[in-house]
Amino acid sequence: MLVTTKKLLVPARAKKYAVPAFNVNDLEFLKAVMSAAEKMKSPVIVQTSEGAIEYAGLDYLVAMIRVAAKGKIPVAMHVDHGKDLKTIKAALDAGYSSAMFDGSSLPYAENVKKTQQVVKWARAKGASVEAEIGAIAGIEDFVSVEEKDAHLTNPAQALEFAKETGCDALAIAIGTAHGAYKFKGKTHLDIDRLKKIAKLVKVPLVLHGASGVLEDVVKIAEHHGAKLGSARGVLDSDIKQAIKYGVAKINIDTDLRLAFTAGIREAVDEMPKVIDPRKLMEPANLLMREVAMRKMKLFGSAGRA
Ligand code: G3H
Ligand code: 13P
Ligand code: ZN
């Protein structure tokens with residue numbers, strides 16, 4: 001059934017588990033995610049970036065995700081990192097049950113104003129809104145304490161921002177980064193900052209850039225020719241801490257991309273005579289499904305559907 005992110009996230013924060021939000025661009029990713037959700041009986045957020053919307057087309061994505069949401073699993077259809085107000089409005093009009101407005105790179109007042117606009121549109125459609133305050137990038141990208149402080153989410157500002165915008169969920173910056181290269185040195189999240197934010201902000205919190213860059217998956221990909229160098233992700237122990245202190249939506253894109261890459265490389269390597277794309281895609285789909293299932297177990301969303 002198609003539901004809003006608010007409907008999924010409020011109980012998640014209260015009961016201290018997190019709902020996985022997987023980025024999808026096509027049918028293969030969507031089917032792997034849905035198959036995992038059905039197996040694990042987990043609610044799920046299917047999210048598409050502006051790049052995904054450009055790649056697949058809004059109408060194709062809406063039609064596919066509507067079909068995915070026809071069954072018993074509660075599914076939210078969410079715009080990830082919406083920066084263009086026109087795209088967000090079009091998605092809400094087309095049936096998305098949730099949208100993120102990402103004004104994190106804008107001056108504070110402009111971020112508030114544009115988020116308020118999105119909240120207005122979403123309310124008219126019965127949809128939810130995720131907003132962002134702070135800049136999501138690795139802690140070690142900043143050289144000084146002052147620089148780090150200016151980029152990571154300020155707890156008092158987060159409270160003011162959540163109040164002013166009326167957002168349903170808030171993405172915060174506590175040291176994660178997007179992609180496969182999150183940390184230059186040892187991995188580290190600012191859990192103390194999260195604790196302070198969670199004390200003040202009562203809407204569900206969202207962790208972006210949360211992929212684990214799973215060692216076994218990276219190994220398969222590298223065994224079949226990928227060159228991933230110093231790829232490094234968020235530790236499972238940090239994910240558990242984050243959930244304990246208020247994170248209720250966890251975004252995963254990189255881990256599925258890595259699983260897809262590993263599966264495809266393996267298939268092409270090991271089946272040199274096969275040209276049927278369905279056969280070549282199968283190991284990738286199975287690995288993506290397995291990775292999605294692992295996330296549902298780790299986040300505690302398994303069995304909550
Ligand atoms: O946070 C961004 C997601 O990983 C989506 O990436 O813009 O390449 O689709 P994308
Ligand atoms: P990862 O790159 O860590 O998977 O993060 C994805 C994300 O935050 C999408 O919004
Ligand atoms: Zn993100």
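Residues numbered from 1 in each chain as written. Chains lettered and ligands numbered in written order. Predicted model: local features only at pLDDT ≥ 70, side-chain atom pairs only at ≥ 80, totals over all residues. Heavy atoms only, no water.

(A) Spatial organisation of the site of ligand 1. Taken together, the residues surrounding ligand 1 are Asn 23, Ser 49, Asp 80, His 81, His 178, Asp 253 and Arg 257. Here an oxygen atom of ligand 1 sits 2.6 Å away from a polar atom, N or O, in the side chain of Ser 49. Protein chains bury 65% of the 300 Å² of accessible surface belonging to ligand 1 in isolation. Taken together, the residues of the shell around ligand 1 sort by class into no nonpolar, four polar and three charged. (Near = heavy atom within 4 Å. Polar contact = N/O pair within 3.5 Å; in protein donor to acceptor, adjacent residues only side chain to side chain. Areas by Shrake-Rupley, 256 points an atom, 1.4 Å probe, with all protein chains shown as cover. Nonpolar A, V, L, I, M, F, W, Y, C, P; charged D, E, K, R; others polar.)

(B) Broad picture of the coordination of the zinc ion (ligand 3). Each protein donor to the zinc ion (ligand 3) is listed here as His 81 (NE2), His 178 (NE2) and His 208 (ND1); together their distances run 2.0 to 2.1 Å. Sequence spacing among the residues donating to the zinc ion (ligand 3) works out to H-x96-H-x29-H. With His 81 in strand E3 (residues 75-82) and His 208 in the loop between strand E7 (205-207) and helix H10 (215-223), this pair connects stretches of sequence that are 127 residues apart. Given a relative accessible area of 17%, His 81 falls into the buried group. His 208 sits in the buried class, given a relative accessible area of 1%. (Donors = N, O, S within 2.8 Å, 3.2 Å for Na, K, Ca; no water. Helix = DSSP H or I, 4+ residues; strand = E, 2+ residues; numbered from the N terminus. Buried < 20%, exposed > 50% of the residue type's maximum accessible area, 1.4 Å probe, protein only.)

(C) Layout of the pattern of salt bridges. Within the structure shown, the criterion is met by 13 salt bridges. Among the ionic pairs, Asp 192 bridges to Lys 195, the shortest N-O distance being 4.0 Å. Taken as a pair, Asp 192 and Lys 195 lie in helix H9 (residues 191-200) at a separation of three residues, close to a single helical turn. For Lys 195, a relative accessible area of 34% puts it in the partly exposed group. Here the salt bridges do not stand alone but share partners, grouping Lys 89, Asp 93 and Lys 125 into one network. (Salt bridge = Lys/Arg side-chain N within 4 Å of Asp/Glu carboxyl O.)

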